[in-house]
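Take a look at the letters that make up each chain.
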Amino acid sequence: MTRTQNNAAWFLVLPVLVLVAFNAIIPLMTVVNYAVQDSFGGNVFFFEGTRWFEAVLASDRFHQALGRQILFTFTILAIEIPLGVGIALCMPRRGIWVSVCLVLMALPLLIPWNVVGAIWNIFALPELGLLGRMLNGLGFDYNFTRGVGAAWFTMILMDVWHWTSLVVLLAYAGLISIPDAYYQAARIDGASKWAVFRYIQLPKMKRVLTIAVLLRFMDSFMIYTEVFVLTGGGPGNSTTMLSIDLVKLALGQFDLGTAAAMSIIYFLLILIFSWIFYTVMMRGESQQ
Amino acid sequence: MTEAAASSASLARAEARARARRRSWSWLVPTLYILFLMLPIYWLVNMSFKTTNEILGAFSLWPRNFTLQNYQRIFTDPVWYWGYFNSLIYVTINTVISVAVALPAAYAFSRYRFMGDKHLFFWLLTNRMAPPAIFVLPFIQLYSSVGLFDTHIAVAMAHLLFNIPLAVWILEGFMSGIPREIDETAYIDGYSFPRFFVRIFMPLVASGIGVAAFFCFMFSWVELLLAKSLTSVVARPIASVMTRTSSISGYELGQLAAAGVLTIIPGALVIWFVRNYIAKGFALGRV
């Protein structure tokens with residue numbers, strides 16, 4: 001659609017701008033302040049330059065948290081996106097079951113995140129939980145509070161349980177927007193199921209799938225509450241993601257300089273990744 | 001002519017057969033998936049009807065000594081039930097403000113080009129991308145300094161950070177699907193902008209408003225790190241009541257489970273109301 005040039009449109013955007021700026025710019029200024037200064041209390045600050053940044057970038061603790069974060073994010077993306085698309089392809093297209101499926105599938109998305117952690121904690125308890133009991137009954141030595149492998153398995157299963165529905169809903173929305181004529185044409189051409197998927201369904205889902213990847217990437221990269229309630233970052237530090245580490249630094253140890261520097265690095269990382277996704281998405285948009 | 005009709009008839013038959021064959025097994029995948037989704041929830045519900053002794057004593061797939069005691073305590077203890085009210089209050093304030101300010105902004109983005117529009121849009125999205133963990137400490141300081149700490153407004157305002165960008169994004173997608181001619185016709189007919197917007201345009205994007213409100217509700221309802229950090233006593237959300245209770249009075253799984261079950265209910269109600277919007281809405285809007 002062609003849009004007309006009109007700088008008065010700024011007035012329509014103004015309320016949004018003021019509210020978001022109040023919430024975004026002032027706190028970010030505070031973070032920047034802490035990141036470049038040091039204090040021995042009493043509101044006396046000394047300029048420290050980039051010392052905190054160097055300390056964070058050189059610390060093993062940050063490297064390990066970042067490594068775990070990247071491993072986690074890409075694992076859940078590799079599971080949730082194909083699984084979500086697969087389920088969406090098998091969903092009914094019309095009739096009463098559509099509503100039933102959508103409502104039931106959307107349910108995990110609306111459960112508060114600490115409750116998600118609590119649900120999985122209860123579900124996976126080695127002795128009292130259904131999952132823990134089942135796995136131990138099958139002969140696995142399963143205890144997510146002690147074994148690193150078990151903790152990661154539970155954490156990933158929890159995220160798949162929690163968020164695959166978002167991918168399903170988005171992919172399904174892309175699928176039902178494909179006109180029937182496309183399928184009829186494919187059938188006349190004798191296209192195989194795979195060809196229908198590869199050349200009709202997948203291209204038509206491209207836009208919603210980009211959004212799905214973008215949302216899942218961003219949200220899993222900032223995961224905090226679910227994992228914190230489930231494992232508390234343990235055993236050891238094996239499930240300490242970036243956000244958990246950051247909150248430990250800022251509110252637990254009150255290590256403000258390091259925490260602020262880490263915040264900025266963390267935010268820049270997400271920003272860079274998101275910018276890449278955004279440009280890819282917009283390029284796809286302009287082709288359509 | 002007859003040949004063509006015959007071939008199209010056979011094509012239709014083949015189509016119906018293919019559809020029937022697909023229907024015969026493909027229902028299994030969503031069913032299994034929903035089963036997987038429901039199992040942990042069932043376990044939570046199961047736990048919530050058990051006494052603490054039974055939970056710790058023996059493993060059972062359903063409650064043997066069925067009890068409502070866990071729920072009873074939540075409904076009679078003001079600390080518990082006010083947790084739910086507090087959460088609902090700030091979620092409602094947040095949803096109303098988010099949608100109200102996002103509506104004109106989304107209209108501007110979908111209809112006009114103006115100085116810096118692309119940068120502004122991206123900047124808004126970056127706020128959706130900012131990890132809440134970064135903002136915890138600055139928010140505590142900011143809202144304490146303006147005297148809003150431990151109020152519903154503080155949490156509602158803090159959640160605007162990620163909900164406004166989301167609402168703008170969704171509404172912009174919906175509005176771009178509505179032809180410009182409608183705006184132009186209305187202006188020619190002598191409508192002023194506010195009257196056109198409220199009387200004609202908003203009913204047209206009603207489903208978009210529904211979807212945007214749904215997402216704002218959802219993300220404000222489930223977010224806890226900020227909600228917990230910005231409140232202490234007066235506006236304490238249910239999540240923080242849950243953690244505090246479990247840490248003070250020991251390991252009360254039944255109580256925790258009952259509180260968890262009750263947090264699922266508002267979400268389930270909201271989904272039920274917007275279920276038709278979800279199905280249609282996802283396709284029209286961008287999210």
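Residues numbered from 1 in each chain as written. Chains lettered and ligands numbered in written order. Predicted model: local features only at pLDDT ≥ 70, side-chain atom pairs only at ≥ 80, totals over all residues.

A.B. asks: How would you sum up the overall build of chain A? Please name residues and give values.
C.D. replies: Assigned secondary structure in chain A consists of 12 helices and 3 strands. Principal axes of the C-alpha set define a box for chain A whose edges measure 75 × 70 × 30 Å. In chain A, once contacts between residues fewer than 6 apart in sequence are set aside, the share between residues at least 24 apart is 70%. (Helix = DSSP H or I, 4+ residues; strand = E, 2+ residues; numbered from the N terminus. Contact = placed C-beta atoms within 7 Å.)

A.B. asks: Talk me through the overall build of chain B; I want residue IDs and the actual numbers.
C.D. replies: Tallying secondary structure elements over chain B gives 14 helices and 1 strand in all. When contacts within chain B are restricted to residue pairs at least 6 apart in sequence, long-range pairs at least 24 apart make up 81% of them.

A.B. asks: Give me the lowdown on the domain arrangement of chain B, citing residues and values where you can.
C.D. replies: The domain architecture assigned to chain B consists of domain 1 (2-48) and domain 2 (77-284). Counting residues at the interface gives 4 residues for domain 1 of chain B and 6 residues for domain 2 of chain B. (Domains from an automatic or database assignment.)

A.B. asks: Please give an account of the interface of chain B and chain A that cites residues and values.
C.D. replies: Buried accessible area, meaning the area lost when the parts come together, often serves as the stated size of an interface. Contacts between chain B and chain A engage 80 residues on the former and 74 residues on the latter. The element contributing the most residues to the side of chain B that touches chain A is helix α14 (residues 253-284) of chain B, with 16 residues. Within the side of chain B that touches chain A, the residues separate by chemical class into 65 nonpolar, 9 polar and 6 charged. When strand β1 (residues 4-5) of chain A meets strand β1 (residues 112-113) of chain B, the two strands line up parallel, connected through 2 bridges. Within the sheet, the bridge partner assigned to A:T4 lies in β1(B) and is B:Y112. (Nonpolar A, V, L, I, M, F, W, Y, C, P; charged D, E, K, R; others polar. Pairing = 2+ DSSP bridges.)

A.B. asks: Break down the domain arrangement of chain A for me, citing the residues and quoting the values.
C.D. replies: All names here are of chain A. In terms of domains, chain A is made up of domain 1 (22-58 + 256-288) and domain 2 (69-254). Just the C-alpha atoms count here: the centres of domain 1 and domain 2 sit 28 Å apart. Taken together, the contact between domain 1 and domain 2 spans 13 residues of the former and 13 residues of the latter. Of the residues that constitute the side of domain 1 that touches domain 2, the class distribution is 9 nonpolar, 4 polar and no charged.

A.B. asks: Tell me about the nonpolar core, and please be specific about residues and values.
C.D. replies: The biggest cluster of nonpolar side chains holds 161 residues, and the ones touching the most others in it are B:A102, B:V168, B:L171 and B:A212. By residue number, the principal contributor to this core is helix α8 (residues 152-176) of chain B, which donates 17 residues. (Core = buried A, V, L, I, M, F, W, Y, C linked by C-beta atoms within 7 Å. Buried ≥ 20, exposed ≤ 12 C-beta atoms within 10 Å, placed from the backbone.)

A.B. asks: Tell me about the environment of A:P203, and name the residues and values.
C.D. replies: Residue position: A:P203 is located in helix α9 (residues 193-221). Along the primary structure A:P203 and A:G174 are separated by 29 residues, whereas in three dimensions their C-alpha atoms are 9.7 Å apart.

A.B. asks: Outline α9(A), supporting the account with residue identities and numerical values.
C.D. replies: Residue and element names in this part refer to chain A. Across its 29 residues, α9 extends only 35 Å between first and last C-alpha, which sits more than 12% below the 42 Å expected from 1.5 Å per residue. A maximum bend of about 55 degrees is found in α9 at K206. Turning to α9, its buried residues are Q201, M205, V208, I211, A212, L214, R216, M218, S220 and F221. (Expected span 1.5 Å × (residues − 1). Bend = angle between axes of the 7 residues up to and from the residue.)

A.B. asks: So what about the environment of B:M175? Which residues, and what values?
C.D. replies: All names here are of chain B. Tracing the sequence through the fold places M175 in helix α8. Residue class for M175 comes out buried when judged on the 21 C-beta atoms lying within 10 Å of it. Distance in space between the C-alpha atoms of M175 and P203 is 11 Å, their sequence separation being 28 residues. Beyond its immediate chain neighbours, meaning those up to four positions away, M175 contacts A106, Y107, S110, V205 and G208.

A.B. asks: Describe the confidence of the model for chain B, naming the residues involved and giving the relevant values.
C.D. replies: Residue and element names in this part refer to chain B. Of all residues in chain B, 85% attain a pLDDT of 70 or more, and the chain-wide mean is 82. No element of chain B has a lower mean pLDDT than helix α1 (residues 2-26), which averages 59, and none a higher one than helix α5 (residues 78-111), which averages 91. Scored by ipTM, the complex comes to 0.83, with pTM at 0.83. (pLDDT = per-residue confidence, 0-100.)

A.B. asks: Kindly report on unusual backbone geometry, identifying the contributing residues and their values.
C.D. replies: For B:D150, which is not a glycine, the phi torsion comes out positive at approximately 65 degrees. Turning to its location among the elements, B:D150 is positioned in the loop between α7 (132-145) and α8.

A.B. asks: Pulling in residues and values, what's your account of the packing of α5(B) against helix α11 (residues 206-222) of chain B?
C.D. replies: Residues and elements named next belong to chain B. Remark: α5 packs on α11, axes separated minimally by 9 Å, with the N-to-C direction vectors making an angle of 140 degrees. The angle between α5 and α11 places the two elements in the oblique class. Viewed along their axes, α5 and α11 form a crossing whose handedness is right-handed. Touching S87, V91, N94, T95, S98, V99 and A102 of α5 are I209, A212, A213, C216, F217, S220 and W221, all from α11. (Axes fitted to C-alpha atoms, helices over the stretch in contact; angles between N-to-C directions. Parallel < 35°, antiparallel > 145°, perpendicular 65-115°, else oblique. Left-handed = near helix turned anticlockwise from the far one by under 90°.)

A.B. asks: Account for the packing of α5(B) against α8(B), with residues named and values stated.
C.D. replies: Residue and element names in this part refer to chain B. Where α5 meets α8, the closest approach of the two axes is 6 Å, and the angle between their N-to-C directions is 40 degrees. Where α5 crosses over α8, the handedness of that crossing is right-handed. Class assignment of the residues belonging to the contact of α5 with α8 gives a composition of 21 nonpolar, 8 polar and 1 charged.

A.B. asks: Outline the environment of A:F123, supporting the account with residue identities and numerical values.
C.D. replies: Relative to the helices and strands, A:F123 resides in helix α5 (residues 113-124). Remark: the alpha-carbon pair of A:F123 and A:R133, spanning 10 residues in sequence, is separated by 9.1 Å. A:F123 has contacts with A:G129, A:L130, A:L131, B:P40 and B:W43, leaving out every residue within four places of it along the chain.

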